[in-house]
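Here is how the chains run, residue by residue.
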Amino acid sequence: MQEWANQLCENRQFGSKMTDSKYFTTTKKGEIFELKAELNSDKKEKKKEAVKKVIASMTVGKDVSALFPDVVNCMQTDNLELKKLVYLYLMNYAKSQPDMAIMAVNTFVKDCEDPNPLIRALAVRTMGCIRVDKITEYLCEPLRKCLKDEDPYVRKTAAVCVAKLHDINAQLVEDQGFLDTLKDLISDSNPMVVANAVAALSEIAESHPNSNLMDLNPQTINKLLTALNECTEWGQIFILDCLANYTPRDDRESQSICERVTPRLSHANSAVVLSAVKVLMKFMEMLPKDLDYYGTLLKKLAPPLVTLLSAEPELQYVALRNINLIVQRRPEILKHEMKVFFVKYNDPIYVKLEKLDIMIRLASQANIAQVLAELKEYATEVDVDFVRKAVRAIGRCAIKVEQSAERCVSTLLDLIQTKVNYVVQEAIVVIKDIFRKYPNKYESVIATLCENLDSLDEPEARAAMIWIVGEYAERIDNADELLESFLEGFHDESTQVQLQLLTAIVKLFLKKPTETQELVQQVLSLATQDSDNPDLRDRGYIYWRLLSTDPVAAKEVVLAEKPLISEETDLIEPTLLEELICHIGTLASVYHKPPSAFVEGSRGVQHKRLPGSTESGESESPDTASAAAVSDAPPAVIPSQGDLLGDLLNLDLTPPTTTGPPPPASSGMQMGAMDLLGGGLDSLLGGDLGGSPAIGAGFGAPPAAMPASFSAPVSGGLDDLFDLGGGVGMPMGAYSAPKTVWLPALKAKGLEISGTFARRSGVIQMEMTLTNKAMSVMTDFAIQFNRNSFGLAPAGPLQVLTPLSPNQSIEVTLPLNTVGPVMKMEPLNNLQVAVKNNIDVFYFSCQYPISMLFVEDGKMERQVFLATWKDIPNDSEAQFQIKDCHLSSDAASNKLQGSNIFTIAKRTVDGQDMLYQSMKLTNGIWVLTEMRVQAGNPVYTVSLKCRAAEVSQWVFQSYEAVLKN
């Protein structure tokens, strides 16, 4: 659509001064018939007017494909304006009329040899835009000539055409040698040809990351830098982005490139400036910091970044997001530019918040007074979100710059005195962090904080205040009364507050045991017996057992000295920051996410890294050193002595003397089947792990006898149980079912939809074939889902980019996410779908396999698996049989891993392989299984445990589907 609009605008210079609106209005009947007559007129003017009307109709969405042969006949003309209009029509309708489009090929070939370079370029550009396989083979010869054309305008157009052709038919481009010709164009005398050749090669290299198309060497780099000075702004961006992918041989080459790129910093286009900053930030890594040029470069980088902040708000925001990354990597660049980031009254909120973030990053002893005065001013603004962030910023400054802490605390106390509710709450949250950073220094303010206890209504502020009361209970006379007041509405509080209250009361009890015994019993009872929250319950049991068995140990655990909190808790992780620096000026730098997190599709996304600094001399970088260490070290199957599993290995787990056959497997589905891991969990984990609040029970008791299923010779207990060396090999690809018809044509006025679901690279996809069995063209497709059990929803619009002609089929892939509205369906995996097109709205339902919802991080830690299996009640266990399955246990494990069903452990007992597996659904539900495979027996027994028992039968169906296909 954009291209039509551009072409129409271009055409105005050839046409009369009149407006073109007349072509968009008509009241005549039989319009197509009249246009046909006018297109075949002998008068050139009449013919041109008719083509303009056709283009106008096409632009507003009318179907004028019936006029295809008549419009193609108009190609034989010397009038450039008319030719452009016809080419525009061809681009739009060639895909739906490929046989007719062949008629135009001869004219294209002829136009590619026209004496006028504009017509030659127009012909090759149009042929590149017509994405029809039949035409591409005719395009090769004209394209080869245009790539070597004497006119640079034609050569630059042909360079881009190669990239378009590669997208349609990559093999053809390689066979015809166009890639080599494209590489030769990098040495072209015209800078715009060089820029377009770089753009085309970069585009092709992006879709084929391992092709090594952009073979950058010092000679090529020199040619690119020469062309850089004379390109248009977009050409400069292509070249700079290409330079950013080059790694210089040494610091001298790095300095030389930086010197030649630096002038781009003063460019008027902000995209050029950011691309130049990206190149300089990368190559600075190669420069020694004691070099004079390094200091000069730092000074040169600041002014262009500051200038970007005088643009309109949207550009400011993009600049600020990029500056945020630059400041984290090299704060010295902007350390003297603090005032630029002071907030203006008319800045939009998104700019204000971003400026505030950068101010804190740049805060230092030298400028802290200025920053605090500014932040205090912001805290009296009217915008609530901004005020909250400003108050938090004061606390972050106190933690970052120690010398300013006292001034920050007094500023926060002044703000608390304003009695503005949300200001008070934010102030209390940050004062808690200041107490953590500077213990025993500012506790005198606690009395002031306690005065505001009644006004706190936000969970975070209430939790912070409870932490303060619990931590400094010995200094607060009525600490027990304060905490008791929170306890009255315990079940109405958020989890965060409940957890904090539990810990605070236990702290209080350990400090004042005689006065608070009743209070601690009350909170432990509320947390363990009356709560459904597993986190709260577990913490309650731990405290209860600690207090009842060893109060001294409890004191050491609960009142242990806390580590000081770090200065910057919100810094981006260093390896991610390095990657984002390599993507400055792109969407990744605005999202602060790597491209792989939001770019979908077949194109390989390369992970970029900054080059190592030369300061380390001959020694290898920490990254490579650690990588080498990892690769040389043997895989640790048995954990070290220090961790939980290591300690458990020391337990005496010798098998009992009585042995017997394994329990018979029950057939069919049986809820509440026996625990297949039996009492073995008790002996493996050394005691009672949950359930009853009878404190201490199970800790002194001897381990239960091991069940028969664990009675095979075990050399070291857990050593064998979790021996993953037993052939759990490389996973296969994820299974996806063949397509089935979801919507028959009879029910949808000729539209037939067949499809399936797949999970590819962590993305759930709905793969459909749309077939038009009606007599009319179908357009304007859209799709919507009803509420469903797992919140499945389209992650974007249904991409049907061209009209669907009669008897035509089209393949469509719709990415899905799981953030839609949730409602339990019957059956659980039922999905109700509505599809709209220009004819009507159609409804159908389909069922998706639950395996599509198994996420990639569903592999449970081994000791967590054991504890969870034990914790899930036996009546939540279901048992199934898979018949006619002839895979070995290793093959089954590999196949299941392809669908994110992970094998945690494998054991062999009496010739029977036992696979212990875990998977996790998108909504966080875990499913644990034990699968028994006997060599030569085609029947597998699968036992599933899950807290949401209704999921079990659908998980079993996924097992069956994956293993049998």
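Residues numbered from 1 in each chain as written. Predicted model: local features only at pLDDT ≥ 70, side-chain atom pairs only at ≥ 80, totals over all residues. Heavy atoms only, no water.

Brief notes about the overall build of the protein chain
Logical step 1: Helix and strand counts for the protein chain come out as 40 helices and 13 strands.
Logical step 2: Taken across its 965 residues, the protein chain has 49% of its residues classed as buried.
Logical step 3: Across the protein chain, every contact between residues at least 6 apart in sequence was considered, and the portion connecting residues at least 24 apart equals 68%.
Logical step 4: Here the protein chain displays about 45000 Å² of accessible surface, and carbon together with sulfur accounts for 52% of that area. (Helix = DSSP H or I, 4+ residues; strand = E, 2+ residues; numbered from the N terminus. Buried < 20%, exposed > 50% of the residue type's maximum accessible area, 1.4 Å probe, protein only. Contact = heavy atoms within 4.5 Å. Areas by Shrake-Rupley, 256 points an atom, 1.4 Å probe, with all protein chains shown as cover.)

Some words on unusual backbone geometry
Logical step 1: Backbone torsion omega between Glu826 and Pro827 reads -5°, so that peptide bond is classified as cis.
Logical step 2: Counting through the fold element by element, Pro827 comes out in the loop between strand S6 (809–817) and strand S7 (830–836).
Logical step 3: Even without being a glycine, Ser761 presents a positive backbone phi close to 50°.
Logical step 4: Its location among the elements puts Ser761 in the loop between strand S2 (751–760) and strand S3 (763–772).
Logical step 5: A positive phi is found at Asp884, a non-glycine position, where the angle reads about 55°.
Logical step 6: Relative to the assigned elements, Asp884 resides in the loop between strand S9 (877–882) and helix H39 (889–898).
Logical step 7: Owing to a relative accessible area of 57%, Asp884 belongs among the exposed residues under this scheme.

Thoughts on the sheet that holds strand S12 (residues 926–934)
Logical step 1: The strand order S9-S13-S12-S11-S10 describes an open sheet built from five strands, whose pairing is antiparallel. Across the chains shown, the open sheet's two edge strands, defined by having one partner strand only, are S9 and strand S10 (902–909). Strand-to-strand twist in this sheet, taken as the mean axis angle between neighbours without regard to direction, amounts to 20°.
Logical step 2: Pairing geometry for S12 and strand S13 (residues 940–946), over six bridges, is antiparallel. Bridge pairing links Glu930 to Ser943 in S13. (Pairing = 2+ DSSP bridges. Axes fitted to C-alpha atoms, helices over the stretch in contact; angles between N-to-C directions.)

With respect to helix H16 (residues 251–261)
Logical step 1: When H16 is considered as a whole, its buried residues turn out to be Glu253, Ser254, Ile257, Cys258 and Val261. Projection of H16 onto a plane perpendicular to its axis shows the buried side chains occupying an angular sector of 135°, all on one side.
Logical step 2: Backbone nitrogen of Arg252 and a side-chain oxygen of the N-cap are separated by 3.2 Å at the start of H16; the cap is Asp250. (Arc of directions from axis to C-beta. Polar contact = N/O pair within 3.5 Å; in protein donor to acceptor, adjacent residues only side chain to side chain.)

Quick look at the environment of Ala199
Logical step 1: By the element assignment, Ala199 lies in helix H13 (residues 191–207).
Logical step 2: Overall, the relative accessible area of 16% leaves Ala199 in the buried class.

Overview of the pairing of S2
Logical step 1: When you tally the buried positions in S2, you get nine out of ten residues, the bulk of the element.
Logical step 2: Sheet topology note: the strand S1 (residues 740–743)/S2 ladder contains three bridges and is antiparallel. In the sheet register, Val741 faces S2, and the bridge partner there is Ser754.
Logical step 3: Of the strand pairs in this sheet, S2 and S3 are connected by ten bridges, and their pairing is antiparallel. Bridge assignment links Ile753 to a residue of S3, and that residue is Leu770.
Logical step 4: Counting the residues in the hairpin turn of S2 and S3 gives two residues, including Ser761, whose phi is positive at 50°.

Some words on the packing of aromatic side chains
Logical step 1: Within this structure, the stated rule accounts for 13 aromatic pairs.
Logical step 2: With centroids separated by 4.4 Å and ring planes inclined at 10°, the aromatic side chains of Phe880 and Phe956 adopt a geometry described as stacked. You can see Phe880 sitting in strand S9 and its partner Phe956 sitting in helix H40 (residues 952–964), a full 76 residues away along the chain.
Logical step 3: A relative accessible area of 5% means that Phe880 is categorised as buried.
Logical step 4: By relative accessible area, Phe956 is classed as buried at 11%.
Logical step 5: Grouped by ring-pair contacts, the aromatic residues Trp742, Phe757, Phe790, Phe844 and Tyr848 constitute a single cluster.
Logical step 6: The ring of Phe386 carries Lys352 above its face, with NZ or CZ at 5.2 Å from the centroid. (Phe/Tyr/Trp six-rings, centres within 6.5 Å; stacked < 30°, edge-to-face > 60°. Lys NZ or Arg CZ within 6 Å of the ring centre and 35° of its normal.)

Looking at the confidence of the model for the protein chain
Regions with low pLDDT carry predicted coordinates that are not meant to be interpreted in detail.
Logical step 1: On average, the protein chain scores 79 in pLDDT, and the residues at 70 or more come to 82%.
Logical step 2: With pLDDT under 50 throughout, residues 12–17 is counted as low confidence; its partners more than four residues away or in other chains account for five contacts. (pLDDT = per-residue confidence, 0-100.)

Concerning the sheet that holds S2
Logical step 1: Here five strands make up an open sheet; going across it, the order is S1-S2-S3-S6-S5 and the pairing antiparallel. The open sheet has two free edges, formed respectively by S1 and strand S5 (793–794), since each of these has just one partner strand.
Logical step 2: Relative to S6, S5 runs antiparallel, the two sharing two bridges. When the bridges of S6 are listed, Ala793 appears paired with Asn817.

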